[in-house]
Number of protein chains: 2
Amino acid sequence: MASLIEGQARPIRLADIAKAAGVSHGTASNVFSRPEIVRAEVRERVKAMAEKMGYAGPDPKGRLLRAGKVNAIGVATTEPLSYFFDDPFARVMMAGISQACDATGAGIALVSAANQEKLAWNVQSALVDGFVLFCIEGGSRLVDLTRERKLPFVALELGFDDETVSAIGVDNVAGARLAARHLADLGHRRFAVLSLAFADGRTGFATPEIVRSARYTGTRDRLAGYFEELSRFGIDTARIPVYETENEETSTKAGLEAIFAAGEPPTAILAMSDRMALVAIDWLKAQGLSAPGDVSIVGFDGVPDGALCTPPLTTVAQPITEIGRRAARMILDHDGAVRRETMGVELVVRGSSGPARKG
Amino acid sequence: MASLIEGQARPIRLADIAKAAGVSHGTASNVFSRPEIVRAEVRERVKAMAEKMGYAGPDPKGRLLRAGKVNAIGVATTEPLSYFFDDPFARVMMAGISQACDATGAGIALVSAANQEKLAWNVQSALVDGFVLFCIEGGSRLVDLTRERKLPFVALELGFDDETVSAIGVDNVAGARLAARHLADLGHRRFAVLSLAFADGRTGFATPEIVRSARYTGTRDRLAGYFEELSRFGIDTARIPVYETENEETSTKAGLEAIFAAGEPPTAILAMSDRMALVAIDWLKAQGLSAPGDVSIVGFDGVPDGALCTPPLTTVAQPITEIGRRAARMILDHDGAVRRETMGVELVVRGSSGPARKG
DNA sequence: AGCGAAATTTGAATCGATACAAGAAAAATG
DNA sequence: CATTTTTCTTGTATCGATTCAAATTTCGCT
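First, a word on scope: everything that follows refers to the structure included in this document. Because the structure is predicted, anything quoted here is derived from the model rather than measured.

1. A word on the overall build of chain A
Now for step 1: When helices and strands are counted, chain A shows 16 helices and 13 strands.
Now for step 2: Relative to the globule expectation of 21 Å for 359 residues, the C-alpha radius of gyration of chain A, 27 Å, shows a markedly less compact shape.
Now for step 3: The principal-axis extent of the C-alpha atoms belonging to chain A is close to 95 × 50 × 35 Å.
Now for step 4: In chain A, which comprises 359 residues, the proportion classed as buried is 49%.
Now for step 5: Put simply, of all contacts in chain A between residues at least 6 apart along the chain, 71% involve residues at least 24 apart.

Written out as structure tokens, the structure reads:
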């Protein structure tokens, strides 16, 4: 059976009601966008006609072309869209972005795609005034793609050396040092590192070679911070296993297995993300090991979940919400300048780290 | 100081590079949208010119007007945007919506506003092909506003009698009965209800009068389900306090205080949302009462947080993700028909409910 | 009634692309 | 070399509004 929609040939345009009401395009437009400059009588006549003809109001598609501004910012990632709602880090970040958008009445467009072609298309065709980029796996490609749009954009997590792109991130070296010092102070001497990616698509133990040629400087900086600090305690960092994961469960578990399979197990794990740290806590429990009894763990990020798990996670907390707010504001009040901001971090000591076992 | 942006008079258009490359609009357009039909030589010439002039590629604003389809669905609420990332129920729902969008490559536009005028404007000007409406507080206004756009939309939570709007919800009566029976079976006889709103902007104990004239039929149905079932156990439902909250912390605590201040305290609380149930658990702990020792609690929704808290929450679980997926698909493959779907619910018994204390 | 000022209304131009019928050029065929 | 095909290219119309200078109407006042 034919639906109501199919009945009407095509949607009513502003021009249609203008003609029907016997006024010009311009006046009809004014009735909706600046009603105060139209004579009351005419205004009512046009409105009545619009009502009668079932006019849906000025179509934003038309307005947009004329006005040029969408009043929305795009948030893009190479992950699927559900990442924004599943990942705790992303959620907190989005909350910050939301706050800034709420304050100015701007909207948020979520942009993503599983595969490369679609990502390109989605970034190219997103109706936004600028982008906030979640630079995780594949971040550099995303930056290149976005640059093409010639719209303002901010990369989150400062993962790039490239000084020409605006970015907000944290002091990775300082944060990593905080974590390392905390564990060293507790007497730990045997460490392992669960690392984020140094380059796209890698997984497994990272060689010094890989570290040196890291594309993601954030990862490199965190490792550098760990090592610098541990060196000061006389620890031979060359012997510390560094396992690169994809920051999710499977590869993190693989990393833990590899780390604990090889020789003398660590008494402390430095994880470059809370996500990996939380997986590690679960994994240890499953192995019959206790945290912090047998192994201490310190994460990085400061996601809320870390406070809720058992034991609660010691971590290097980033001001995630504030980063999100600032990123959104950078787009919203964009002035053409490239800005690179570095935020401070804070060590939050909770239950997952404790004194090293004697012996 | 003048920025680079101010330097160039205005962004380069497709027409500009067409002229510069000595081809027509049409050909230039084809170079980008259907490169295969343009002779290789010409194609390269145009592309080179585009590159040289710093053309950002076809502007989606222009394309949109011509094409008509945005390829994005709007998700709207009367709450601030951060609601989508803060509220556990919303998050799970959004995950479902995201999955459907990922599958078809569609984008998601988040629409909201704190105040009424902005809400109207944001709904009117959202660049989307349809809406999914989170009908919470103020949902009916949102529906009215959205209807004006004459775009397909789906109301979540079936909160309306209005049979002309597409909606997806759950069988509230059946779900409520499940919860009530569970507690009655455990021997409870003194109940209290933490209720969602019956109408906008109300808070406090609900009179039969208020219940009768409920605008939100979802709330009414849940209450009816509770009462029907409890009646079968010979419980006088007229004596059960029903406190209407705004489904957040403050008013829920106020409700608990009011309930426990009045006469004989309940041994079981029926909460119409997990959110309220979780607040109740915390509140009881703070009062030195234990759940389920002193008071049993059963929630409604089945958000993941409920499984994690202490004690874990017994609740009536909705298939939230599936609802989200279906809602998004309704918009994505819209066919003009009004659809109203009712999903089943499931009682998930966890630690927050236990046998009633003797005496 | 007549005149200038103020308030409205008009209509063409513009925003930036895509679609398509028709024309032109190149390639294939006799 | 003429003719038919095939492959490209062109130019115009269209998508749906907003803007703004110019034209017109209304109004207040003498």
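2. Observations concerning helix α4 (residues 40-53) of chain A
Residues and elements named next belong to chain A.
Now for step 1: Under the 1.5 Å per step criterion, the end-to-end length of α4 is 20 Å for 14 residues, consistent within 8% with the ideal 20 Å.
Now for step 2: All buried positions along α4 are accounted for by V46, M49 and A50. Each buried residue of α4 lies within a common arc of 100 degrees when the element is viewed along its axis, so the set occupies one face. Residues of α4 that are exposed and point over 90 degrees away from its buried face: A40, E41, E44, A48, E51 and K52.
Now for step 3: Tucked into the core, α4 has its buried residues touching α2 (14-21) and α3 (25-33).
Now for step 4: Following α4 by one or two positions, G54 adopts a phi angle in the positive range, close to 75 degrees.

3. Quick word on the environment of I136 of chain B
Residue and element names in this part refer to chain B.
Now for step 1: Looking at where I136 falls in the secondary structure, it is placed in the loop between β3 (131-134) and α9 (139-148).
Now for step 2: I136 gets classed as buried once you count the C-beta atoms within 10 Å, which come to 23.
Now for step 3: Sequence-wise, I136 and A197 are 61 residues apart; in three dimensions their C-alpha atoms are separated by 8.8 Å.
Now for step 4: Discounting chain neighbours no more than four positions away, the residues touching I136 are T77, T78 and E79.

4. Let's talk about the protein's contact with DNA strand C
Now for step 1: Residues in contact with DNA strand C amount to 26 residues; listed here are only the nearest, G26 of chain A together with R13, S29, D59 and G62 of chain B.
Now for step 2: Here the residues of the surface near DNA strand C sort into 10 nonpolar, 9 polar and 7 charged.

5. A look at the sheet that holds strand β7 (residues 204-205) of chain B
Residue and element names in this part refer to chain B.
Now for step 1: With mixed pairing, 7 strands are arranged side by side in an open sheet as β7-β8-β6-β9-β10-β11-β13. What marks the edges here is a single partner per strand, and that holds for β7 and β13 (346-348).
Now for step 2: Bridge analysis of β7 against strand β8 (residues 242-244) gives 2 bridges, and the strand direction is antiparallel. Bridging across to β8, G204 finds its partner in E244.
Now for step 3: Helix-sheet contacts for helix α12 (residues 217-232) involve β6 (191-195), β8, β9 (268-271) and β10 (296-301), and the interaxial angle to β6 is about 170 degrees.

6. With respect to the relation of the copies chain B and chain A
Now for step 1: The two copies are related by a screw motion: chain B maps onto chain A through a turn of 180 degrees and a shift of 0.0 Å along the axis, at an RMSD of 0.1 Å. As the rotation angle and translation indicate, the two copies are arranged about a two-fold axis. No C-alpha of chain B lies nearer the rotation axis than that of A109 of chain B, which sits 2.2 Å from it.

7. Observations regarding the sheet that holds strand β9 (residues 268-271) of chain A
Now for step 1: With respect to topology, 7 strands assemble into an open sheet ordered β7-β8-β6-β9-β10-β11-β13 (chain A), the strand pairing being mixed. The strands lining the two open edges of the sheet, one partner per strand, are β7 (204-205) and β13 (346-348) of chain A.

8. A look at the packing of helix α13 (residues 249-261) of chain A against helix α14 (residues 274-286) of chain A
Residue and element names in this part refer to chain A.
Now for step 1: Two elements in contact, α13 and α14, have axes separated by 10 Å at closest approach and are oriented at 55 degrees. By the angle class used here, α13 and α14 are oblique. α14 is crossed by α13, and the crossing has right-handed handedness. Along the contact surface, α13 presents E249, T252, K253 and L256, while α14 presents M276, V279, A280 and W283.
Now for step 2: In terms of residue class, the contact of α13 with α14 is made up of 5 nonpolar, 1 polar and 2 charged.

9. Overview of the protein's contact with DNA strand D
Now for step 1: As a matter of local geometry, DNA strand D sits amid 27 residues, with R13, S29, D59 and G62 of chain A together with G26 of chain B nearest to it.
Now for step 2: Counting residues per element, the ones that place at least two in the surface near DNA strand D are α3 and α5 (60-67) of chain A together with α3 (25-33) and α5 (60-67) of chain B.
Now for step 3: Per element, the largest residue contribution to the surface near DNA strand D is 6 residues, and it comes from α5 of chain A.

10. A look at the packing of helix α10 (residues 172-185) of chain A against helix α12 (residues 217-232) of chain A
Residues and elements named next belong to chain A.
Now for step 1: Running from amino to carboxyl end, α10 crosses α12 at an angle of 35 degrees, the nearest separation of the two axes being 7 Å. In the packing of α10 onto α12, the handedness of the crossing is right-handed. Contacts from N172, V173, A174, G175, A176, R177, A180, R181 and A184 of α10 reach α12 at G218, D221, R222, A224, G225, Y226, E228, E229 and L230.
Now for step 2: Of the residues assigned to the contact of α10 with α12, the class counts are 8 nonpolar, 4 polar and 6 charged.

11. A closer look at the interface of chain B and chain A
Now for step 1: Residue-level contacts link 45 residues of chain B with 46 residues of chain A.
Now for step 2: Broken down by secondary-structure element, the contributors of at least two residues to the side of chain B that touches chain A are α1 (4-7), α5, α6 (83-86), α7 (88-104), β2 (107-111) and α8 (116-125) of chain B.
Now for step 3: Ranked by the residues each element gives to the side of chain B that touches chain A, the list is headed by α7 of chain B, at 7 residues.
Now for step 4: The class makeup of the residues in the side of chain B that touches chain A is 24 nonpolar, 12 polar and 9 charged.
Now for step 5: Both strand β2 (residues 107-111) of chain A and β2 of chain B contribute to a ladder of 3 bridges, which runs antiparallel. Across the sheet, A109 of chain A pairs through a bridge with A109 of chain B, a residue of β2 of chain B.

12. With respect to unusual backbone geometry
Now for step 1: Omega for the peptide link from A291 of chain A to P292 of chain A comes to 5 degrees, which places this bond in the cis form.
Now for step 2: With respect to the element layout, P292 of chain A can be found in the loop between α14 and β10 (296-301).
Now for step 3: Cis geometry marks the peptide bond from T310 of chain B to P311 of chain B, where omega comes out at -10 degrees.
Now for step 4: Counting through the fold element by element, P311 of chain B comes out in the loop between α15 (305-308) and β11 (314-317).
Now for step 5: Phi at N247 of chain A is positive, roughly 60 degrees, even though this residue is not glycine.

13. A word on the environment of I37 of chain B
Now for step 1: Residue placement: I37 of chain B occurs in the loop between α3 and α4 (40-53).
Now for step 2: Spatially, the C-alpha atoms of I37 of chain B and N247 of chain B are 58 Å apart, while their sequence positions differ by 210 residues.

14. Digging into the pairing of β2 of chain A
Residue and element names in this part refer to chain A.
Now for step 1: Within β2, 5 of the 5 residues are buried, leaving the element largely enclosed by the surrounding structure.
Now for step 2: Pairing between strand β1 (residues 72-76) and β2: 5 bridges, direction parallel. The residue of β2 that forms the bridge with A76 is V111.

15. Thoughts on helix α14 (residues 274-286) of chain B
Residues and elements named next belong to chain B.
Now for step 1: The end-to-end C-alpha separation of α14 is 18 Å, in line with the 18 Å expected for 13 residues at 1.5 Å each.
Now for step 2: Among the structural elements, β6, α13 (249-261), β9, β10, α15 and β11 are those in contact with the buried residues of α14.
Now for step 3: Phi turns positive one or two residues past the end of α14, at G288, with a value near 80 degrees.

Scoring rules and cut-offs
Residues numbered from 1 in each chain as written. Chains lettered and ligands numbered in written order. Predicted model: local features only at pLDDT ≥ 70, side-chain atom pairs only at ≥ 80, totals over all residues. Helix = DSSP H or I, 4+ residues; strand = E, 2+ residues; numbered from the N terminus. Rg over C-alpha atoms; globule rule 2.2 N^0.38 Å. Buried ≥ 20, exposed ≤ 12 C-beta atoms within 10 Å, placed from the backbone. Contact = placed C-beta atoms within 7 Å. Expected span 1.5 Å × (residues − 1). Arc of directions from axis to C-beta. Near = placed C-beta within 6 Å. Nonpolar A, V, L, I, M, F, W, Y, C, P; charged D, E, K, R; others polar. Pairing = 2+ DSSP bridges. Axes fitted to C-alpha atoms, helices over the stretch in contact; angles between N-to-C directions. Least-squares fit on C-alpha atoms with pLDDT ≥ 70 in both. Parallel < 35°, antiparallel > 145°, perpendicular 65-115°, else oblique. Left-handed = near helix turned anticlockwise from the far one by under 90°.

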